[in-house]
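Each chain is listed here by its residues.
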Amino acid sequence: MRSHNLISRLSAAFIVCFTACLSLVLNSCESPEPEAVLVQSISVSQPSISVKEGETANIVITVKPDNATNKTVTFTSSNTAVATVDANGKVTAVAAGTATITVTTNDGGKTASCTVTVSEAYTPVTAIQGKGKILLNPTRYSLTYGTDYTVTPADATYKEPSDFNWTASDSKFTVDENGNTVGGEMNGQVDITATSKRDGVSAVVRTVIIPSFHYKVINSTDPLVPVGKTYDDLENIRVTVGTRVDLQLINEHSAQTDNAFQTAPYTLKARGTSEQIAKASARTNESGKSYISIEGVAVGGASYELTYQGKDNSEGEECDAVISTILSVISAHITALEIVLTPETLSLQVGETGTLTATVQPENATDKTLGWRSDNTSIATVDDQGNVTAIAPGTANIYVWSQQNSDTYASCKVTVTEAYTPVTAILGKGKILLNPTRYSLTYGTDYTVTPADATYKEPSDFNWTASDSGLTVDENGNSIGGILNGQVDITATSKRDGVSAVVRTVIVPTFHYKVINSTDPVNNPVGKTYDDGAFIRVIVGTRVDVQLINEHSAQTDNAFQTASYTLTPRGTSEQIAKASARTNESGKSYISIESIAAGAASYDVTYQGKDNSEGEECDAIISSRLSVTSAIIPVSEVILTPETLSLTVGGTGKLNATVLPENATDKTLMWRSDNTSIATVDDQGNVT
């Protein structure tokens, strides 16, 4: 058993030893590992290539030396928006432009590049087809000519309006960069040309014909607007209220006689309240022809924006038409041509009435409104129904006329005979104290007549005269100014009956102001007088009471004092002197004046009451101007003490000033030094 184990162990040792020897022998027999070959350079077969958008190209490279161990490379593009490249050097053109494709060796970072220029891939325009002629008034209608063409081939790349240059054969007609008209004036016709900016291909896409056109009446219920009548473009079309007129727009350029724009309906847009004046509508007749119908609704003016877009025959060739204009309508009446007035003559007595009947012709006149008038309303009047009233004996013509047509009128002669109660006496109102240059009076109210029911007793039924030509009285008994002295008689004489009487004796007063109380006895002692119109001098801070004295009075020193005065200040007078009407304990009226500030003041003074003049109580109406000078007591002297003053530099002194007279209104003083570099003085007299 032991020998068997020994043999086993010897066998295992032999195997291990043999394996180690064999490995040693084999290792000594292998060749040594070779060194790596490094990349020296890289190049591309083409330094630049050109491709079109969407195309591809391969970049062929050469790595040196040929036996370089690591020939792997990396491709990059400088502008992938222009061209991209894959790992194998396949370039794809993306958009027009330039990109640099760079190839870099992974061994050593050697580089080479290829410039790729990508050009646009497009289909050129080979021809332009226009849409022929078009009738158009471009000053009123704009058109996009950029839609008026097609190109060959249809898939041409640059075929948008902005890809063409647009020109007009008439420089007054302008087309913008997108083929739109942008205004302009022209006559005749103009060619609109489109030229491809890219390919230079050119063609006329539109020939614009500027039309001349008018409206033609094709149907009418208005006898004043017959069928066949024409109206120029923009001319007012007259339609009578309640009638209808149908029109067509006629192309004067048409090769066909009297050819109308009628292959498509018109479009009408009312301006403002036009539909309330005349109703215009687009219609189609039984033959499918378009026309415009206008119905007069009310008197006035109407306008519509009219557009026609369809076909027409112009210059012998059918073409498109785009017309825009203003349809102007005057809606009027059927005129009244005659008025028959019955009776033609009429006789009435004063106070009676009669009726006139007016018949308007033709019977279907639109407006039968009439106006009535009398050419002498002092003889006869007429109301708006033709009722005539006799006023006074004489003749008058009554006229009636058409309010619509004043040239149509008729007349009736009216003869009025008298039926009245005569005036037998006139009673006046006696004397009146009055200054007529400042105050007017209606003498027509200063009388009564006998009998009280006399027919002609109004002021206008009398002739009015004044015994002094300086005073004027008008036809109604009103004084209207004038200058007189003393007194004047106002006489009324009946125009109809010749009865005459003095209705007023006007006494023109002479008067003055008299001081009755005063707080300023020096300047305004009691009893002092001022003429009418003279300035009453009142010292500021004092008061003066005055009365208006009638110098014509039979009573000595009689004042206007039985009624109160009325005072009206002028401007800012109350800020200068305050004047007021007052009454004393005895009930007598007077004027009190209080002076407030220096200046001038004036008041309009009126007295209306009673007075005794020439020994007889009578009415009095006096108007005067109260003029006041509000004054101050001036300073006459200023005494300054001391008269001389000696001071050292920096010292102060006091000067005392006394104002004379003591009752001077304003004692305010002002101080100054004539050499402030030597001495100064303040507003209290302190000297420094």
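Residues numbered from 1 in each chain as written. Predicted model: local features only at pLDDT ≥ 70, side-chain atom pairs only at ≥ 80, totals over all residues. Heavy atoms only, no water.

> Help me get a handle on a nonpolar patch on the surface, residues and values and all.
A cluster of nonpolar side chains, contributed by Val635, Val638 and Leu669, occupies part of the molecular surface with about 210 Å² of accessible area. In this structure, Val638 sits in strand E53 (residues 637–641). (Patch = residues over 30% accessible without salt bridge, like charges linked within 9 Å, V, L, I, M, F, W, Y side chains within 5 Å. Areas by Shrake-Rupley, 256 points an atom, 1.4 Å probe, with all protein chains shown as cover. Salt bridge = Lys/Arg side-chain N within 4 Å of Asp/Glu carboxyl O. Helix = DSSP H or I, 4+ residues; strand = E, 2+ residues; numbered from the N terminus.)

> Now, about the sheet that holds strand E49 (residues 577–583): what can you tell me, with residues and values included?
Spatially, E45-E44-E47-E50-E49 is the arrangement adopted by the five strands of the open sheet, whose pairing is antiparallel. Looking at the sheet topology across the chains shown, the edges are occupied by strand E45 (529–531) and E49. With direction set aside, neighbouring strand axes in the sheet form an average angle of 30°. As paired elements, strand E44 (residues 511–518) and E45 share three bridges and run antiparallel to each other. The residue of E45 that forms the bridge with Tyr513 is Tyr530. (Pairing = 2+ DSSP bridges. Axes fitted to C-alpha atoms, helices over the stretch in contact; angles between N-to-C directions.)

> Let's hear about the side chain of Asp163: which residues, and what values?
Position of Asp163 among the secondary structure elements: in the loop between strand E12 (149–152) and strand E13 (164–168). For Asp163, which is buried and forms no salt bridge, the nearest opposite charge comes from Lys197, at a distance of 6.4 Å. A distance of 3.2 Å separates the side chain of Asp163 from the backbone nitrogen of Lys159, its partner in a polar contact. In contact with Asp163, not counting residues within four places along its chain, are Tyr158, Thr195, Ser196 and Lys197. (Buried < 20%, exposed > 50% of the residue type's maximum accessible area, 1.4 Å probe, protein only. Lys, Arg positive; Asp, Glu negative; His and termini not counted. Polar contact = N/O pair within 3.5 Å; in protein donor to acceptor, adjacent residues only side chain to side chain. Contact = heavy atoms within 4.5 Å.)

> Requested: an account of the environment of Leu337, with residues and values cited.
Its place among the elements puts Leu337 in the loop between strand E26 (317–332) and strand E27 (338–342). The class for Leu337 is exposed, based on a relative accessible area of 63%. In the structure, Leu337 is positioned 72 residues away from Tyr409 in sequence and 8.9 Å away in space, judged by C-alpha atoms. Residues within four places of Leu337 in sequence aside, it is in contact with Gln361, Pro362 and Thr408.

> Could you give an account of the pattern of salt bridges, with specific residues and numbers?
Across all of its chains, the model carries 16 salt bridges by this definition. Among the salt bridges present, the one from Arg543 reaches Asp545, with a minimum N-O distance of 3.3 Å. For Arg543, a relative accessible area of 30% translates into the label partly exposed. Close ionic contact of Arg582 with Glu594 constitutes a salt bridge, the shortest N to O distance being 3.1 Å. Of this pair, Arg582 sits in strand E49 while Glu594 sits in strand E50 (residues 589–595); the two residues are 12 residues apart in sequence, bridging distant segments of the chain. In this structure Glu594 comes out as partly exposed when scored by relative accessible area, which is 32%. Put simply, Asp148, Arg206 and Asp320 are held in one network by salt bridges that share partners.

> Hey, could you go over the confidence of the model for the protein chain for me, with residue numbers and the actual values?
Looking at the protein chain, the pLDDT average stands at 84 and 88% of residues meet or exceed 70. Confidence drops under a pLDDT of 50 for residues 1–8, and excluding neighbours within four residues, the segment shows zero contacts in the predicted structure. Scored below 50 in pLDDT, residues 13–17 makes zero contacts in the model with residues more than four places away or belonging to other chains. (pLDDT = per-residue confidence, 0-100.)

> Provide a residue-level description of the side chain of Asp446, including the pertinent values.
Within the secondary structure, Asp446 is located in the loop between strand E37 (431–434) and strand E38 (448–450). Among the polar contacts made by the side chain of Asp446, one reaches the side chain of Arg504 at a distance of 2.8 Å.

> How would you sum up the environment of Ala452? Please name residues and give values.
Counting through the fold element by element, Ala452 comes out in the loop between E38 and strand E39 (462–466). Residues Ala452 and Ala425 lie 27 residues apart in sequence; the distance between their C-alpha atoms is 9.9 Å.

> Hey, could you go over the sheet that holds strand E34 (residues 394–402) for me, with residue numbers and the actual values?
Taken together, four strands build an open sheet; the order of strands is E28-E35-E34-E31 and the sheet is mixed. Of all strands in the sheet, those bounded by a partner on one side alone are strand E28 (345–349) and strand E31 (370–374). When strand polarity is set aside, the average angle formed by the axes of neighbouring strands in this sheet is 20°. Both E34 and strand E35 (residues 409–417) contribute to a ladder of eight bridges, which runs antiparallel. Its bridge partner being in E35, Thr395 is matched across the sheet by Thr415.

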